[in-house]
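# Report on the structure
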Amino acid sequence: MTRIRKSGRSAVRLIGTLALATGIVVSAAGCAGGGGGDAAPDTASGEPTPGGEITVLLDAGFAGGWATGLDPATSNTTGSNLPQNAAIFGGLFTLEPDGDGGQIVPNQAESFEWSEDGRTLSITLRDGITFSDGTPLNAEAVVWNWIRALNSGSTGAPRLQLNVDTPAPALSEAFMTSLWAALPADVDKATVQKQLGAIQAVDDLTVSLALRNVDGSLVNGFPTSSFNLIASPTAYAEMGGDAFSLKPVGAGPFIVTADSLSERLELEKNPDYFKSGLPYLDAINFQSVAGDQVAYQTLLAGQGDVIEGLSSVPLITEAKANPDVAVHLGAPTSPYVVQLNSRTAPFDDIKAREAIYYATDFAAINKGLFKDEGEMSQSFTASGGLFFNPEVPGYREYDLDKAKALVEEIGGLTVNLGTTDIVTARSVTTALQTQWEEAGIDVEISAEPLGDVITRFVTGDWQALLQTAGAWDPSVGIGVGIRFGSTSPYSGAPLPEGATSGADALAKGLETELDVLLREAVGTNDYDERDAKYQEIAKYISDQAYAPFGMAFSPAQVLRAGVHGPGLDVPIPALSVNQGVLYDRVWVESGK
């Protein structure tokens, strides 16, 4: 088992919310070595008891939206649908509670090991695991899933620099027929063949992944990545893509019985789950609800048992005073950030970006909207995550006079500020609008569904977007690479000189200075070296005024009495905005 050190001061609880969600990047940087291990024990009070059923309420603007389905290879919202994915697929690895931090633990994987040069990851699977259709979860199934994840068009497809120098091994006709049938008709077969040289089934239970460079955060990123979610190739072939995206078949603790996209998902216990005695629950339902107020009222009305990620401070305060519910806050990892699109006017001018820094008073917003419970950050991490440092040398703090002077110097500034359609996020953009207008900036604000925000990022049709940045490991999930790497579709940082797009930069092998720092931060397995690089990255982003950071938050888990489980009443650092929940160990007290 590999334990990951947690840096920074002790976790300070913070509240808030906003989110952007996408599937995710298994990006670079790394865990050294690895080994097998069992899951950490539950620490909730009392002895877990089997049986019962719960309904989990999820905000439609984030985790409660799965409009592109739940097939890990084709979903565009894998990173936000962690609750559903944990219940259906379980995962090769899980992030487990570890005091006030977390640790990566092999789950369906039994162990992992890096090659001596740190470029090839070998994962050994636990023997005897079967999908809920009775077929084996073996190395060949992992290869099938990973190739699909890379080539099926999801906006959250893992971004890996594979070493494709090794020829693909001879593969059975049955396997290749199944793979081609599950890939888009226009897939580049030559590229797939090269990938099959980098991703190989070494034996029935061992799969290897060859990288061009050391990737120190790769394993840390698994729990938010589609690479972690292994689906049944046999079920896909029998059901077809459309049906499979509605009712995917995995080897997790629960089986899908009904799915109304972005409305309700119903699951029942997997009787053949590989962990003896688990899951505890007989059934679980995920219900999408329109915001925090509706979620809380639904819980109080007895139509739900858990709210994942309640962010409204007034509602959290009200819930804390209600003896009928329990409120649990996790360690924050993801600060708010105003991303500025430096690739287009007006923010291709650093003076315009500086004006936004000086006009933004996140401390006042924290006090007014979050009752000072937010944790202020000047970079892409917070105290619940790795490599946290609250202050960045030279960071431009709120100064209205400087903001006004810069706006006047550049002849005025007009900004469209957007965000995801979540109540708290809308409140923050309204507050920002008021602050910026005091500096003479004309501001138009908008809030759109998550899918539309993703489209804006991908098309580049945006000026400023309020989002969150950060994750338990800053190079995975919605981390610093996603927000600031030049080739990420969710970045507003400049493209490398000579590149016309992120794809063009990748094809030509072009990098910005920031790209190099991001690559170097994950190009080592040494914790202290990684820490030093992230401090450099934070200062570079600050010096270039790419995005002012604000409050980090840890949305609350609100439970009816008698509900327990890791990630609910036992905190786990947020992998991607909200805490992950290990649903195979969620249980309810008898009679409640």
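Residues numbered from 1 in each chain as written. Predicted model: local features only at pLDDT ≥ 70, side-chain atom pairs only at ≥ 80, totals over all residues. Heavy atoms only, no water.

Bringing the layout of surface pockets into the picture now. Computed from the structure, the second largest pocket encloses a volume of approximately 260 Å³. Looking at the second largest pocket, it is lined by 17 residues, and the ones nearest its centre are Met376, Gln378, Tyr395, Glu397 and Phe549. Residues that form the lining of the second largest pocket fall into these classes: nine nonpolar, three polar and five charged. (1 Å grid on protein atoms, 1.4 Å probe; cavity = no way out; pocket = protein on both sides within 12 Å on 5 of 7 lines; lining within 4 Å. Points joined across faces, edges and corners; volume = space filled by probe spheres on them. Nonpolar A, V, L, I, M, F, W, Y, C, P; charged D, E, K, R; others polar.)

Further remarks concern the environment of glycine 90. Within the fold, glycine 90 resides in the loop between α1 (82–88) and β2 (93–98). In this structure, the C-alpha to C-alpha distance between glycine 90 and leucine 229, residues 139 residues apart in sequence, is 7.2 Å. When neighbours within four sequence positions are excluded, glycine 90 is seen to be in contact with Asn85, Asn107, Gln108, Asn228, Gly252 and Pro253. (Helix = DSSP H or I, 4+ residues; strand = E, 2+ residues; numbered from the N terminus. Contact = heavy atoms within 4.5 Å.)

Now for a negative patch on the surface. Together, Glu110, Asp127, Glu140, Asp203 and Asp204 make up a region of like negative charge exposed at the surface. Mapped onto the fold, aspartate 127 is located in the loop between β5 (120–125) and α2 (139–151). (Patch = residues over 30% accessible without salt bridge, like charges linked within 9 Å, V, L, I, M, F, W, Y side chains within 5 Å. Areas by Shrake-Rupley, 256 points an atom, 1.4 Å probe, with all protein chains shown as cover. Salt bridge = Lys/Arg side-chain N within 4 Å of Asp/Glu carboxyl O. Lys, Arg positive; Asp, Glu negative; His and termini not counted. Charge placed at Lys NZ, Arg CZ, Asp CG, Glu CD.)

Attention shifts here to the nonpolar core. Counting residues in each nonpolar core, the largest one holds 148 residues, and the members touching the most others are Ile123, Trp146, Trp436, Ile441, Ile537 and Tyr583. With nine residues, the top contributor of residues to this core is α2. Not counting the four nearest positions on each side in its chain, isoleucine 123 is found in contact with Phe93, Ala109, Ser111, Phe112, Trp146, Leu205, Thr206, Val207 and Phe222. (Core = buried A, V, L, I, M, F, W, Y, C linked by side-chain atoms within 4.5 Å. Buried < 20%, exposed > 50% of the residue type's maximum accessible area, 1.4 Å probe, protein only.)

Turning next to the sheet that holds strand β10 (residues 283–289). As summarised here, the arrangement of the seven strands in space is β8-β9-β10-β1-β11-β19-β12, forming an open sheet in which the pairing is mixed. Strands with a single pairing partner mark the edges of an open sheet, and in this sheet they are β8 (254–260) and β12 (325–329). Averaged over all neighbouring strand pairs, the angle between strand axes comes to 20°, with direction disregarded. Pairing between strand β1 (residues 53–59) and strand β11 (residues 306–310): two bridges, direction parallel. Bridging across to β11, leucine 57 finds its partner in isoleucine 307. Sheet strands in contact with helix α8 (residues 292–300) are β1, β10, β11, β12 and β19 (556–560), and its direction is about 160° off that of β11. (Pairing = 2+ DSSP bridges. Axes fitted to C-alpha atoms, helices over the stretch in contact; angles between N-to-C directions.)

What follows concerns the sheet that holds strand β17 (residues 464–468). Reading across from one edge, β14-β18-β13-β17-β15-β16 is the order of the six strands in this open sheet, with mixed pairing throughout. If you trace the sheet from one side to the other, it starts and ends with β14 (375–376) and β16 (441–448), each paired once. Across the face of the sheet, helix α11 (residues 362–370) comes into contact with β13 (334–340), β14, β17 and β18 (549–553) while running at roughly 35° to β18.

Here we take up empty space enclosed by the protein. Under the defined criterion, the tally for this structure stands at six cavities of 30 Å³ or more. Ala86, Gly90, Thr94, Val581 and Leu582 are the residues nearest the centre of the largest cavity, which is lined by 22 residues in total. Listing elements by their share of the lining of the largest cavity, those giving two or more residues are α1 and β2. Per-element tally for the lining of the largest cavity: the top contributor is α1, with four residues. Among the residues making up the lining of the largest cavity, the classes are represented as 14 nonpolar, six polar and two charged.

Below, the discussion takes up the pairing of β16. Strand direction decides the pairing type here: strand β15 (residues 413–420) and β16, joined by eight bridges, are parallel. By the bridge assignment, glycine 418 is partnered in β16 with serine 446. For the crossover that starts at β15, traverses helix α13 (residues 423–438) and ends in the parallel β16, the hand is right-handed. (Right-handed = clockwise from strand over helix to strand, strands pointing away.)

This part covers the side chain of aspartate 584. Within the element layout of this structure, aspartate 584 appears in the loop between β22 (578–579) and β23 (587–588). By relative accessible area, aspartate 584 is classed as buried at 5%. Among the polar contacts listed, one links the side chain of aspartate 584 to the side chain of tyrosine 273, at a separation of 2.7 Å. Ignoring sequence-local partners within four residues, the contact set of aspartate 584 consists of Pro253, Tyr273, Lys275, Leu278, Pro279 and Tyr280. (Polar contact = N/O pair within 3.5 Å; in protein donor to acceptor, adjacent residues only side chain to side chain.)

To continue, consider the pattern of salt bridges. Throughout the structure, instances matching the rule amount to 19 salt bridges. In this structure, the salt-bridge partner of arginine 456 is glutamate 448, at a minimum N-O distance of 2.6 Å. Under the relative-accessibility criterion, arginine 456 is labelled partly exposed at 26%. A relative accessible area of 18% means that glutamate 448 is categorised as buried. Across the pair lysine 533 and glutamate 520 runs a salt bridge, and its minimum N-O distance is 2.7 Å. Linking lysine 533 in helix α18 (residues 527–544) with glutamate 520 in helix α17 (residues 513–521), this pair joins segments that are 13 residues apart in sequence.

In this structure, glycine 291 sits in the loop between β10 and α8. For glycine 291, a relative accessible area of 8% gives the class buried. In sequence terms glycine 291 and proline 346 are 55 residues apart; their C-alpha atoms lie 33 Å from each other.

Here we take up the confidence of the model for the protein chain. Low-pLDDT portions of the prediction should not be read for the details of their coordinates. Residues with a pLDDT of 70 or more make up 92% of the protein chain, whose mean pLDDT is 89. Below a pLDDT of 50 lies the segment residues 1–44, which in the model reaches 214 contacts outside its immediate sequence neighbourhood of four places, other chains included. (pLDDT = per-residue confidence, 0-100.)

Residue position: asparagine 151 is located in helix α2. Taking relative accessible area as the criterion, asparagine 151 reaches 15% and is therefore assigned buried. A distance of 2.7 Å separates a polar side-chain atom of asparagine 151 from the backbone oxygen of isoleucine 147. Within the local environment of asparagine 151, its side chain forms a polar contact with the side chain of glutamine 195, the two groups lying 2.6 Å apart. When residues no more than four places from it in sequence are discounted, the contact partners of asparagine 151 are Leu183, Pro184, Val187, Val192 and Gln195.

Okay, helix α12 (residues 400–409) next. Among the residues of α12, Ala403, Leu406 and Val407 are the ones counted as buried. Summarising the axial view, the buried residues of α12 lie within an arc of 100°, below the 170-degree limit, and thus occupy one face. Exposed side chains of α12 directed beyond 90 degrees from the buried face belong to Asp401, Glu408 and Glu409. Where α12 is buried, its residues touch α10 (350–359), β15 and β16. (Arc of directions from axis to C-beta.)

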